[in-house]
Amino acid sequence: LRLGVPPMIGSLVLPGIYNTFAKNNPDLLLEISENGSTELSRRLSEGFLDMIFLPHNKPVEKNLVSEKLGTLEIACCVAKGHPLQKKEEIKASDLRGVPLVLYKNSFYQTEEIKRWFSAFGVKPNILLQTEQLSTIEIIISSGTAAGFLFRRLIERNAGLHAITLKEPIYAEVSLVRKKDAHSFNYMKAFREYINTTKIFER
């Protein structure tokens, strides 16, 4: 079973996949690829992956089948003690000139965040773009930069603080597969497993 997962979603689902689903299916050969949504979508379309977790805000392509798993909020993330921590809500203009660490452009949330800044005429001050969640968390927790992560991830890290966006950004999370792909037993078993976990329900 070849699965694709973006890093932030992976941090939510991978422990359960390895510790529950894989252990309950000892004969399963599980291959998991971590990358941004653009690259994962390409690899799914080319037949290198069986299913992917996809954050999105519009319908998937017609050659794909999606099962919505839930919705996650993207919040501004700063270190505890950061000057912005006192804000209950934050606007794009509040982040003018503030150093930011973001995922690379092939990641869904980066596209949405850049669109959010553009809508309010603010040019983001991007210090670094990376593919690594751990790098983003370290740079934010050091106070070097602010960033944007799923609220659920921020709240589980004692060194980070979540600030609600004045104009909120949400990501629908779906499990996506090709419409014409053969659905074998482990694919069906995984779909049943992930739909019963309720990980993405708010």
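Throughout what follows, the structure given in this document is the object of discussion.

Definitions and limits used
- Residues numbered from 1 in each chain as written.
- Predicted model: local features only at pLDDT ≥ 70, side-chain atom pairs only at ≥ 80, totals over all residues.
- Heavy atoms only, no water.
- Salt bridge = Lys/Arg side-chain N within 4 Å of Asp/Glu carboxyl O.
- Helix = DSSP H or I, 4+ residues; strand = E, 2+ residues; numbered from the N terminus.
- Pairing = 2+ DSSP bridges.
- Right-handed = clockwise from strand over helix to strand, strands pointing away.
- Expected span 1.5 Å × (residues − 1).
- Buried < 20%, exposed > 50% of the residue type's maximum accessible area, 1.4 Å probe, protein only.
- Core = buried A, V, L, I, M, F, W, Y, C linked by side-chain atoms within 4.5 Å.
- Contact = heavy atoms within 4.5 Å.

1. A short note on the pattern of salt bridges
Note on pairing: side chains with opposite charge can pair once their charged atoms come close.
Working step 1: Applying the stated criterion across every chain, the model contains eleven salt bridges.
Working step 2: Between Arg-115 and Glu-112 there is a salt bridge, and its shortest N-O distance comes to 2.3 Å. Of this pair, Arg-115 and Glu-112 both sit in helix 3 (residues 108-119), separated by three residues, roughly a single helical turn.
Working step 3: Taking the shortest distance from any N to any O, the salt bridge between Glu-155 and Arg-151 comes out at 3.6 Å. Taken as a pair, Glu-155 and Arg-151 lie in helix 5 (residues 151-155) at a separation of four residues, close to a single helical turn.

2. Thoughts on the pairing of strand 1 (residues 2-5)
Working step 1: Strand direction decides the pairing type here: strand 1 and strand 2 (residues 31-34), joined by four bridges, are parallel. Bridged to Arg-2 within strand 2 is Glu-31.
Working step 2: Taken together, strand 1, helix 1 (residues 7-24) and strand 2 constitute a β-α-β crossover, and its handedness is right-handed.
Working step 3: Across two bridges, the pairing between strand 1 and strand 3 (residues 51-56) is parallel. Across the sheet, Leu-3 pairs through a bridge with Met-51, a residue of strand 3.

3. Examining helix 3
Working step 1: Taking 1.5 Å per residue as the helical rise, helix 3 with its twelve residues ought to reach 16 Å, and the 17 Å between its terminal C-alpha atoms agrees with that figure.
Working step 2: When we look at burial in helix 3, the residues that qualify are Tyr-108, Gln-109, Thr-110, Glu-112, Ile-113, Trp-116 and Phe-117.
Working step 3: Positive phi appears at Gly-121, one or two residues downstream of helix 3, with a value of about 65°.

4. What to know about unusual backbone geometry
Working step 1: Phi at Lys-198 is positive, roughly 60°, even though this residue is not glycine.
Working step 2: The topology assignment puts Lys-198 in the segment after helix 6 (185-197).
Working step 3: Lys-198 sits in the partly exposed class, given a relative accessible area of 48%.

5. Here's the deal with the nonpolar core
Working step 1: Val-13, Phe-53, Phe-148, Phe-190 and Phe-200 are the most contacted members of the largest nonpolar core, which totals 61 residues.
Working step 2: Other than its neighbours up to four places away in sequence, Phe-148 contacts Ile-74, Ala-75, Cys-76, Leu-95, Leu-100, Val-101, Leu-102, Ile-113, Trp-116, Phe-117 and Leu-165.
Working step 3: Leu-40, Leu-44, Leu-64 and Val-176 belong to the second largest nonpolar core, which has seven residues in total.

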